[in-house]
Amino acid sequence: MSRREIREHIFQILFRIEFHQEEDLPEQLLYENAEAGEEDAAYIQQKIQAVAEKKEEIDEMINAIARGWKTTRMGKVDLTLIRLGVYEMKFDDEIPTGVAINEAVELAKKYGTDGSSSFVNGILAKLV
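Quick caveat: nothing in here was measured; it's all calculated off a predicted structure. (Residues numbered from 1 in each chain as written. Predicted model: local features only at pLDDT ≥ 70, side-chain atom pairs only at ≥ 80, totals over all residues. Heavy atoms only, no water.)

## Concerning the overall build of the chain
Here is step 1: Broken down by element type, the chain carries seven helices and zero strands.
Here is step 2: In sequence order, the chain lays out its α and β elements as α-α-α-α-α-α-α.
Here is step 3: Going through the 128 residues of the chain one by one, you find that 46% of them count as buried.
Here is step 4: Taking contacts inside the chain between residues at least 6 apart in sequence as the whole, the part at least 24 apart equals 67%. (Helix = DSSP H or I, 4+ residues; strand = E, 2+ residues; numbered from the N terminus. Buried < 20%, exposed > 50% of the residue type's maximum accessible area, 1.4 Å probe, protein only. Contact = heavy atoms within 4.5 Å.)

Right, here's the structure in full:
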């Protein structure tokens, strides 16, 4: 799988987590990772758990810079992409900031509303 495909899988699972109980995570990972190879599946699982562990800290960062748009008010697609982007920018040394922003914006174009890509880009750009 390409890095973009892996990131898309990570986004999809993180998005699903918003609608399921935490104890359902292993089942979600098993279902989603069925298409991934063993190495990719391990990377996806590690990344999802890392983002989930940092969720509160990430949300605090987002709330500190998003004027008029607290995380509780954001659409789930946009919020999930912003969380993933913030994690990659602030906690993942392997991914350059520009790549994290660009990939989040591209996923917003694919999965979000008409204004999602601009919104996601604006929030992430404020954190640079």
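## Details of the packing of helix α4 (residues 55-65) against helix α5 (residues 76-90)
Here is step 1: At a closest axis distance of 10 Å, the pairing of α4 and α5 adopts a crossing angle of 100°. As judged from the angle between their axes, α4 and α5 are roughly perpendicular. Where α4 abuts α5, its residues Lys55, Ile58, Asp59, Met61 and Ile62 lie against Leu79, Ile82, Arg83, Val86, Tyr87 and Lys90.
Here is step 2: Residues of the contact of α4 with α5, tallied by class, amount to seven nonpolar, no polar and four charged. (Axes fitted to C-alpha atoms, helices over the stretch in contact; angles between N-to-C directions. Parallel < 35°, antiparallel > 145°, perpendicular 65-115°, else oblique. Nonpolar A, V, L, I, M, F, W, Y, C, P; charged D, E, K, R; others polar.)

## Comments concerning the nonpolar core
Here is step 1: Within the largest apolar cluster, 36 residues are counted, with the highest numbers of intra-cluster contacts made by Ile10, Ile62, Ile82, Val86 and Leu124.
Here is step 2: Secondary-structure elements contributing two or more residues to this core are α1 (3-17), α3 (38-53), α4, α5, α6 (97-111) and α7 (116-126).
Here is step 3: In this structure, Ile62 is in contact with Thr71, Met74, Leu79, Ile82, Arg83, Val86 and Ile123, ignoring residues within four places of it in sequence. (Core = buried A, V, L, I, M, F, W, Y, C linked by side-chain atoms within 4.5 Å.)

## Some thoughts on α6
Here is step 1: Its 15 residues give α6 an end-to-end C-alpha distance of 21 Å, which sits within 8% of 21 Å, the value for a rise of 1.5 Å per residue.
Here is step 2: Within α6, burial applies to Ala100, Ile101, Glu103, Ala104, Val105, Leu107 and Ala108.
Here is step 3: Considering only its buried residues, α6 is in contact with α1, α5 and α7. (Expected span 1.5 Å × (residues − 1).)

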